[in-house]
Amino acid sequence: EFNNISIKTDTADIAFVLSDDAMCRVVCREKKKESHSVNVQDGTLTVNLVNNKKWYDYIGIHIGAPQITVYLPKASYSSLVIEESTGDVEIPKDFEFRSIDISLSTGDIQCQASASEGIKISASTGDVCVKGISAESLDVTVSTGDVTVSNSTFDGNVTIGLSTGQTYLTDIVCQSLISKGSTGDISLK
């Protein structure tokens, strides 16, 4: 039994799927000398990268991106925390969390899961798409990339921080909107 999810990895794409047999499974497609440990401890499902590579293992051509697919037996959980260097994250509308906190260096994020509290997303390079959700608040920070938020309701603030890129907000309900940026356009519909 667990109510929280924590994933810390390096280059894997991460996807969540509602399990059709009420069993939790974590399926990892991994690189050579890089594996993931999967444990449930103190009510938290943890997936952590175990990197056994030496410096010379990084030289050469590597085909196929690693991937983590998490099959979850229920739709509602307390917290979701993802820390990643390079990879894409996809959270479908089948799930709801109390809070969501995603931080990555390079990659795209698609979030269709709602949160009763806040959603915080930060990325250095990549696109962020938040669609069809409800949450207390949304805080998105991206250095380079596009931010798209559509068909969503927030009881509190929506804060978008974008250095270079485009911001598209369509059919949003929120208490207040704060947008900070250096270079790019913002579209409000």
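Our structure is the block above this text.
An account of the accompanying structure is given in this report. (Residues numbered from 1 in each chain as written. Predicted model: local features only at pLDDT ≥ 70, side-chain atom pairs only at ≥ 80, totals over all residues. Heavy atoms only, no water.)

## Focus: a negative patch on the surface
On the surface, a cluster of negative charge is contributed by Asp88, Glu90, Asp108 and Asp127. Along the chain, Glu90 turns up in strand 8 (residues 89-91). (Patch = residues over 30% accessible without salt bridge, like charges linked within 9 Å, V, L, I, M, F, W, Y side chains within 5 Å. Areas by Shrake-Rupley, 256 points an atom, 1.4 Å probe, with all protein chains shown as cover. Salt bridge = Lys/Arg side-chain N within 4 Å of Asp/Glu carboxyl O. Lys, Arg positive; Asp, Glu negative; His and termini not counted. Charge placed at Lys NZ, Arg CZ, Asp CG, Glu CD. Helix = DSSP H or I, 4+ residues; strand = E, 2+ residues; numbered from the N terminus.)

## Comments concerning the nonpolar core
Ile5, Ile7, Phe16, Leu72, Phe97 and Ile100 are the most contacted members of the largest nonpolar core, which has 42 residues in total. The contact partners of Phe97, leaving out residues within four places of it in the chain, are Ile5, Tyr77, Ser78, Ser79, Leu80, Ile91, Ala113, Ser114, Ala115 and Ser116. (Core = buried A, V, L, I, M, F, W, Y, C linked by side-chain atoms within 4.5 Å. Buried < 20%, exposed > 50% of the residue type's maximum accessible area, 1.4 Å probe, protein only. Contact = heavy atoms within 4.5 Å.)

## Quick look at the side chain of Ser152
By the element assignment, Ser152 lies in strand 16 (residues 147-154). From its side chain, Ser152 meets the backbone oxygen of Ser150 in a polar contact 2.8 Å long. Beyond its immediate chain neighbours, meaning those up to four positions away, Ser152 contacts Val130, Lys131, Gly132, Ile133, Asp171, Ile172 and Val173. (Polar contact = N/O pair within 3.5 Å; in protein donor to acceptor, adjacent residues only side chain to side chain.)

## A look at the environment of Val81
Relative to the helices and strands, Val81 is located in strand 7 (residues 76-86). You can call Val81 partly exposed: its relative accessible area is 27%. Sequence separation between Val81 and Thr46 is 35 residues; the distance between their C-alpha atoms is 9.6 Å. For Val81, the contacting residues outside a window of four places in its chain are Ile5, Ser6, Ile7 and Asp101.

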